[in-house]
Amino acid sequence: MEQRQLLRGILIGLGLLAALMVWVVVWLLTRSPVALLLAHPELPPIVGLAPRSTEALLLLAVPLDEVQAFWQAATPAPQRRAARQQWQKFFSAEGPGWLGSVLAGAALDFEREVRPWLGKSTLLASLPEGGTLVALETRDRAVSQFELNLLWERQSLAGIPVQVDTYKGIQVVSSPIPGLEGFSAAVFGEQYVLLAEQPAAIRAAIDAWQLPQLSLVAQPLFQQVIEPLQEAHVGWAFWQNP
């Protein structure tokens, strides 16, 4: 009798251990930062906003939250605090290049005013005319529009001119920001927010979306380079000599 109870206890224990192992494997493959290594996202639709004249392109197909989580997991434990601080500094007014200039000049708090509505995919393009173009997928159009409206109100209250134009039914708003040649933004459709140094870049993105032959996706060189890399872990980078 005691042996039977012992055997039953062992079997129950092994069953619980097996269930725990299955749970751990499922968590690692789906919710853990390790899942990013196993992900193979397809080329996201946001790439259709890149004009044919794009000289350099960076395209992320996963949310920034997942990229940050993976970076933290890949960083040795003693260095994770410093890594977290570096990440926060990058997406702040002290950040590098165009991003830092926008956040500083517009007095934008990335964590509070941008990150909450960020969607899955992000596009950064360099254009020969129009400078930098950024397309962000939004998971809440109303919130992203609200935050942009607050930005324009702050600019107006500070006595900085705000110009509103309409291009193909899309409202494109422009206002000078310290440290930049210019700054323009538009909420495009239900999914995307467009940011650029010049309104010409936003108009080019709208044209590329509405007329695919004007998009980088239609360029033979882009197709030739990207086709073998249709499924990437995080994103794609592309550049061409002018």
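Just above sits the structure.
One structure accompanies this document, and this report is about it.

About the criteria used
- Residues numbered from 1 in each chain as written.
- Predicted model: local features only at pLDDT ≥ 70, side-chain atom pairs only at ≥ 80, totals over all residues.
- Heavy atoms only, no water.
- Pairing = 2+ DSSP bridges.
- Helix = DSSP H or I, 4+ residues; strand = E, 2+ residues; numbered from the N terminus.
- Axes fitted to C-alpha atoms, helices over the stretch in contact; angles between N-to-C directions.
- Salt bridge = Lys/Arg side-chain N within 4 Å of Asp/Glu carboxyl O.
- Buried < 20%, exposed > 50% of the residue type's maximum accessible area, 1.4 Å probe, protein only.
- Phe/Tyr/Trp six-rings, centres within 6.5 Å; stacked < 30°, edge-to-face > 60°.

Taken in spatial order, the eight strands make up an open sheet running β4-β5-β6-β7-β3-β2-β1-β8, and their pairing is antiparallel. The open sheet has two edge strands with one neighbour each: β4 (163-167) and β8 (235-239). Taken over all neighbouring pairs, the strand axes of this sheet differ in orientation by 15° on average, direction set aside. As judged from the five bridges shared by strand β1 (residues 56-60) and β8, these two strands associate in the antiparallel manner.

Time to look at the pattern of salt bridges. Following the criterion strictly, the structure yields seven salt bridges and no others. With a shortest N-O distance of 3.2 Å, arginine 154 and glutamate 113 are connected by a salt bridge. Residue arginine 154 is found in helix α7 (residues 141-157), and its partner glutamate 113 is found in helix α6 (residues 110-114); the two are separated by 41 residues along the sequence. According to the relative accessible area criterion, arginine 154 is partly exposed, its value standing at 30%.

Glancing now at the pairing of strand β6 (residues 184-188). Where burial is concerned, most of β6 is hidden: five out of the five residues are buried. Bridge count between strand β5 (residues 170-174) and β6: two bridges; the pairing is antiparallel. Its bridge partner being in β6, serine 174 is matched across the sheet by serine 184. Here β6 pairs with strand β7 (residues 192-196) via five bridges, running antiparallel. Across the sheet, residue serine 184 finds its bridge partner in β7, namely alanine 196.

On to the pairing of β1, then. Examined bridge by bridge, β1 and strand β2 (residues 118-127) share five bridges and lie antiparallel to one another. Pairing of leucine 60 across the sheet is with threonine 122, part of β2.

What follows covers the packing of aromatic side chains. Considering all chains together, one arrives at five aromatic pairs under this definition. Note on tryptophan 98 and phenylalanine 183: the rings are 6.4 Å apart at their centroids and 40° apart in plane angle, and the pair reads as tilted. Of this pair, tryptophan 98 sits in helix α5 (residues 97-105) while phenylalanine 183 sits in the loop between β5 and β6; the two residues are 85 residues apart in sequence, bridging distant segments of the chain. Accessibility classification places tryptophan 98 together with phenylalanine 183 in one group, the buried group. With a centroid separation of 6.1 Å and an interplanar angle of 90°, the aromatic rings of phenylalanine 188 and tryptophan 209 are classed as edge-to-face. Taken together, the residues phenylalanine 188 in strand β6 and tryptophan 209 in helix α8 (residues 199-210) connect sequence positions 21 residues apart. The class for phenylalanine 188 is buried, based on a relative accessible area of 8%.

So, to be careful, I would describe these as geometric facts and stop short of saying anything about function.
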